[in-house]
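An overview of the molecular structure
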Amino acid sequence: MPNHPDRSPGARAVVANGVGKAVLGLRRMTRGGGSALPGLVAERIDPHMVGRLAAQLPGGVIVITGTNGKTTTTKMLVAILEANGSRVLTNRSGSNLSRGVASALLERSAWRGRLAEDIAVFEVDEASMPAVCAELRPSTVMVLNLFRDQLDRYGELDSTANVIGRALAGLDGSATVCLNADDPLVASLARYCERPEVRWFGVDVDGIAKLDHDAASDSDHCPQCGHALDYDKSFYSHLGHYRCPEGHVERPIPEVTLRSFEAVDDEASHLLVEVDGSALSVQLPLPGLYNAYNAVAALCGARSRGLSLTDAAEALTHVTAPFGRVERVDVNGRRLQLLLVKNPTGFNQIIQTFLAEPNDTRLMLAINDGFADGRDLSWLWDVAIEDIAPGAFVLCTGVRAADMALRFKYAGVEADVVPDVDEGLAELLRRTPPGESAEVLANYTATLELREKLNGQAAIKRFWQ
Amino acid sequence: MTSSLTIAHLYPVEMNIYGDRGNVLTLVRRAEWRGFMPTVVEVGVGERFDPADVDILFAGGGQDRGQVAVGLDLQSRADALNDAAEAGVVMLVVCGTYQLFGRRFETLEGHEIPGIGLFKADTIGSTERLIGNVTIDSPWGPLVGFENHSGQTTLDPGQFPLGTVVRGSGNNATDKVEGAIHHNVHGTYLHGPVLPRNPAFADHLILTALARRHGVDKLEPLDDTLERAAAKVVMDAAR
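Residues numbered from 1 in each chain as written. Chains lettered and ligands numbered in written order. Predicted model: local features only at pLDDT ≥ 70, side-chain atom pairs only at ≥ 80, totals over all residues.

**Let's talk about the overall build of chain B**
Keep this limit in mind: The helix count covers DSSP runs of H or I at least four residues long, the strand count covers runs of E at least two residues long, and both are numbered beginning at the N terminus. Computation of the radius of gyration draws on C-alpha atoms alone. For the globule rule, the value is 2.2 Å times the number of residues to the power 0.38. As a rule, residues whose C-beta atom has 12 or fewer other C-beta atoms within 10 Å are exposed, those with 20 or more are buried, and those in between are partly exposed; C-beta atoms are placed from the backbone. Whether two residues are in contact depends on their C-beta atoms, placed from the backbone: they are in contact if these lie within 7 Å.
Each helix and strand in chain B was counted, giving five helices and 12 strands. Expected size for 239 residues packed as a compact globule is a radius of gyration near 18 Å; at 17 Å, chain B falls within 12% of this value. Overall, the C-alpha framework of chain B stretches about 55 × 45 × 30 Å when taken along its three principal axes. Relative to its 239 residues, chain B shows a buried fraction of 51%. Long-range contacts, defined here as pairs at least 24 residues apart, represent 70% of the contacts in chain B between residues at least 6 apart.

**A short note on the overall build of chain A**
A count of helices and strands for chain A gives 15 helices and 17 strands. When each of the 465 residues of chain A is scored for burial, the buried share is 54%. Across chain A, every contact between residues at least 6 apart in sequence was considered, and the portion connecting residues at least 24 apart equals 71%.

**What to know about the sheet that holds strand β2 (residues 88-90) of chain A**
Residue and element names in this part refer to chain A. What counts is decided by this rule: In this scheme, strands are said to pair when DSSP sees at least two bridges between them. To obtain an axis, a line is fitted to C-alpha atoms, over the contacting stretch when the element is a helix, and the angle between two such axes runs from 0 to 180 degrees between their N-to-C directions.
Pairing within the open sheet is mixed, and its nine strands lie in the order β2-β3-β1-β4-β5-β6-β9-β10-β11. Each having just a single partner strand, β2 and β11 (278-284) make up the two edges of the open sheet. When the angles between neighbouring strand axes are averaged without regard to direction, this sheet yields 20 degrees.

**A few points about the interface of chain B and chain A**
So the rule is basically this: Residues are grouped as follows: nonpolar covers Ala, Val, Leu, Ile, Met, Phe, Trp, Tyr, Cys and Pro; charged covers Asp, Glu, Lys and Arg; every other residue, Gly included, is treated as polar.
Across the boundary between the two partners, chain B contributes 27 residues, which contact 24 residues of chain A. Secondary-structure elements contributing two or more residues to the side of chain B that touches chain A are α1 (21-32), α2 (64-86), β7 (121-138), β8 (141-155) and α5 (225-236) of chain B. Its residues placed into classes, the side of chain B that touches chain A shows 13 nonpolar, nine polar and five charged.

**Examining the domain arrangement of chain A**
Residues and elements named next belong to chain A. Counted only if it meets this: What fixes the domain bounds is an automatic or database domain assignment.
Split into domains, chain A comes out as domain 1 (11-316) and domain 2 (326-455). Facing 22 residues of domain 1, the contacting portion of domain 2 comprises 21 residues. Looking at the side of domain 1 that touches domain 2 element by element, the count peaks at three residues for helix α7 (residues 151-154).

**Considering helix α6 (residues 129-136) of chain A**
Residues and elements named next belong to chain A. Every buried residue of α6 is listed here: Met129, Val132, Cys133, Glu135 and Leu136. Buried residues belonging to α6 abut α3 (49-55), β1 (61-65), α5 (98-108), β4 (140-143) and α8 (157-169). Residue Arg137 follows α6 closely and has a positive phi angle near 45 degrees.

**A short note on the nonpolar core**
All names here are of chain A. Threshold: Only buried residues count toward a nonpolar core: Ala, Val, Leu, Ile, Met, Phe, Trp, Tyr and Cys, linked into one set through C-beta atoms within 7 Å.
By size, the foremost hydrophobic cluster in this structure holds 198 residues, and its most contacted members are Val63, Ala295, Val296, Leu316, Ala405 and Val440. Looking at this core element by element, the count peaks at 11 residues for helix α10 (residues 289-304). Split by domain, the residues of this core number at least three in each of domain 1 (11-316) and domain 2 (326-455). Setting aside residues up to four positions removed in sequence, Leu316 forms contacts with Met76, Ala79, Val282, Leu284 and Ala295.

**Notes on α1(B)**
In plain terms, the rule: Helix span is expected to be 1.5 Å times the residue number reduced by one.
The terminal C-alpha atoms of α1(B) lie 17 Å apart, and with 12 residues this matches the ideal 16 Å at 1.5 Å per residue to within 8%. With nine of its 12 residues buried, α1(B) lies for the most part within the structure. The inward-facing, buried residues of α1(B) contact α13 (401-410) of chain A together with β1 (4-10), β2 (37-43), β3 (56-59), β4 (90-94) and α4 (199-214) of chain B.

Here it is in structure tokens:
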């Protein structure tokens, strides 16, 4: 890793910055939304541009990674920092590969490569961690969780953990690493943190009913001896309170702990968070235990920066869900709830939060197999479809509508198949009476497609804010 | 007609990664829909189990970490599994377990995991990962699936493959054959999982098992419109 002795932008950096910004401008005009291209172009001209830009930030860089919750947690931490008066730079639209981070820095820099912000919070894709951390020298790194994701793109979970570990091992000694104590694989990353300080967050609540068919436990074995871990409490996937029967590993005691979780309704929850023996009440305008995890992670990050947690809790009450995660859209008097599903654990959390109680749900699933979705949809068979309570109807759309319907068929539920998303949406609206609601679960490119269709039918804010 | 059908799922925890439990679910449902009464026995590392006692044995793919533990455990079951195969027990092994049903798996680093030698085949780790949709021609018609492996498997001359590759890689990057078959033991790299979208193959496994133990000679046809539609999408999809 090169140091950056020269902090002033040299001629090459100014050119790189200028060209990058020009490309960014062009992209905006032609297609809208930021992208990786400006970062790529600038990177080619000056490979250390990103590091130079980041080094200007007096508050340093916070990096957030993990399989699920990156975008939401980033949004939470940005809200907390902004409420504290910081000017925060972030990559808002989920462009979390190294070039997306570069583009975000470029976009905010003036033409001669100066930044007006105090601090940056970036969500970073797991695979991009070594490159991004080497270049940005983050002062805080947060690892939320590690679940099986698109295996055709990322490979196996253990290798993902090793990649993140490599990034952590190269951090500055003054850095802080916030880790999820409840995830055995994430907790095992502490061994890479010889110099940085490790701080833990976690959940300790009773009465969480794990889904009967939650088969998405990816790392419930001791990372050292391979024995199955013993669990006192189990929340979802392999998250819980664990101990190796041979005594090799045990869940660390977190400093920020969720003590109680209560769903207010489909849209909000009430959290009680314990920090240093005192309780902090958080009214979170987001549903589900998975968002509560994101909130305690964000609070842990805030604490590591020495921020007031009372102010942080207040800032969390105004956080809204990012693109497609949970979104309500009114279409001709019908209320659609859009939910993004990308992997078994995320899908199971949607089921646990919205679909496990008996109801008259109208359910549409939109499943594509674009590169951004992962081309291998085997994971649909690891989803706890059997735990979805019977509802009014199930409608499958998207390129892989038949695959999704087949999964339902083998769970004993007959689903309709309308592969064309336009027609699928029309069918859903036709079968949902005005004044009623429907749940729409979609993977990434299907969400994009649905947004585009819905843009014509309802007012939705553009997702690249 | 209420014959029982015992399905063993070997290493459901250790080798559970690619949605492979969908294969067991498919065998269970397609047997139930014909009025049979399947039961599933899950067998983990170190658990006592005689493969000769079951009708169908299934084992899937896993992470490398799982494969090492499973490799050791499989050694202790090598004779029992080979005997059961000779006796005609129906088996389906996918990806990681398929590799260990061959003679050996040599990792990229030169570390050797011995297999049980049921298939006359060797697997060698490679830097090239074979990833994508696959179509093969098989005795049960075209089969579709998704492959994702860095181990390249080579069959001995005389070792029958499961099928010939129409699209994709299969056992390795050059031979254009996929999987292996020995008596009623079927090995394959196909995920997806393989059975839901290839119902003729699933029914072949069920019928072979029922014929052997209960003298069943044919299965009632089912409506497989949805299964065929899902398979067609994969055949038409980008690699």
